[in-house]
Amino acid sequence: CFAGVCSAGKSTLINAILGYQILPEAMESTTAKMFRIESPKPGNPVQIVFDIIKDKDDEKNHGVILSWDETSGCFVFGAGPNKENATRRAIQGVIDANRCGEQHRQVYKILEALNSRKDVNANIEVHFPVPLDSEHVQFVIYDTPGTDSNVVEHQRVLQDALSEQTHSILVFVAAPNKTEGEGNSALLSYLKAAGKKDSKTSIDLDRSLFVIN
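**Q** Tell me what's going on with the overall build of the chain, and back it up with residues and numbers.
**A** Along its length, the chain carries 5 helices and 9 strands. Listing every helix and strand of the chain by position from the N terminus yields β-α-β-β-β-β-α-α-β-β-α-β-α-β. The buried share of the chain, taken over its 213 residues, is 42%. Contacts in the chain between residues far apart in sequence, at least 24 positions, make up 67% of those at least 6 positions apart.

Right, dumping it as C-alpha cells:
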C-alpha cells in the first residue's frame with residue numbers, strides 16, 4: 001500500500017516497479033481514486049474493473065469490465081451499461097481515440113480519464129502484470145490519494161484503502177522537502193482509525209518502508 005503526501009511520487013514509483021507508465025502522474029496532486037493493481041489470473045487478459053455511479057435514471061451502479069482484445073488491439077466492454085449511457089460513451093471515446101497506441105499507453109489514458117470522473121466509483125481494479133510476482137507470492141499494489149489532501153473525498157478514499165489492508169507492507173513515499181508535516185500525522189491517525197474500524201485491518205510496520213523520492 002503506497003501512501004504519502006500529495007505529489008510525493010507514489011504513482012511514479014509504482015509505474016517504475018511495474019516497468020510501464022499506466023498510472024496517472026504529474027507534478028501537481030493527481031491521484032483521486034484508489035487504484036488496486038494485481039496480475040491477471042492465468043489465461044485472463046489485462047482488465048480494468050470499476051463501477052459507474054447510478055444517476056437519477058438508474059436503480060443501481062453499473063459494474064464495468066474493460067478487457068484487452070488482442071485481435072482489435074484495444075479494450076472492449078465485457079460488462080457495463082448499454083451504449084446509450086453517457087459515461088459509457090465518454091469512456092468509449094477515450095478507447096477509440098487511443099486504439100492505435102501500445103497496450104500500457106491505452107491503460108494510462110483510460111485510467112487518466114477515470115481518475116477525473118465523479119461519475120466513476122473511487123475503487124478501480126487494474127489487472128496488469130506485476131513483475132514482483134513469483135510462483136509462490138503474488139502482490140497487490142494500492143495507489144492512494146495524498147495524505148495531506150484537503151479534499152474530503154480524497155481523505156475518504158485513502159481511509160477506505162487503509163481499511164482494506166491485511167498483513168500489508170506500507171510504503172510511505174515522501175518528497176525531500178516534505179518529510180515532516182501534517183500529511184505524516186494524518187496517516188498515523190488514519191491507520192489508527194482503520195484498525196478500530198475493522199479488526200482484520202493490519203499493516204506490518206516492521207516490514208514497512210519509508211521512501212524519500
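**Q** Can you explain a nonpolar patch on the surface? Please cite residues and give values.
**A** Together, Leu132, Val137 and Phe139 make up a nonpolar patch on the protein surface, roughly 240 Å² of accessible area in all. Positionally, Val137 belongs in the loop between β6 (123–127) and β7 (140–143). Residue class for Val137 comes out partly exposed when judged on its relative accessible area of 40%.

**Q** Any details on helix α1 (residues 10–18)? Residues and values, ideally.
**A** Those residues of α1 not exposed but buried are Lys10, Ser11, Ile14, Asn15 and Leu18. End-on, the buried residues of α1 take up no more than an arc of 135°, which puts them together on one face. Elements in contact with the buried residues of α1: β1 (2–4), β2 (34–38), β7 and β8 (171–174). Within two residues after α1, Gly19 carries a phi angle of roughly 85°, on the positive side.

**Q** Give a description of the pairing of strand β3 (residues 47–52) that names residues and reports values.
**A** Pairing of β3 with strand β4 (residues 62–69), which is carried by 6 bridges, proceeds in the antiparallel orientation. Counterpart to Gln47 in the pairing with β4 is Ser67. The pairing of β3 with β6 spans 3 bridges and is classified as antiparallel. Following the sheet pairing, Gln47 is matched in β6 by His127.

What counts, and where the lines are drawn
Residues numbered from 1 in each chain as written. Predicted model: local features only at pLDDT ≥ 70, side-chain atom pairs only at ≥ 80, totals over all residues. Heavy atoms only, no water. Helix = DSSP H or I, 4+ residues; strand = E, 2+ residues; numbered from the N terminus. Buried < 20%, exposed > 50% of the residue type's maximum accessible area, 1.4 Å probe, protein only. Contact = heavy atoms within 4.5 Å. Patch = residues over 30% accessible without salt bridge, like charges linked within 9 Å, V, L, I, M, F, W, Y side chains within 5 Å. Areas by Shrake-Rupley, 256 points an atom, 1.4 Å probe, with all protein chains shown as cover. Salt bridge = Lys/Arg side-chain N within 4 Å of Asp/Glu carboxyl O. Arc of directions from axis to C-beta. Pairing = 2+ DSSP bridges.

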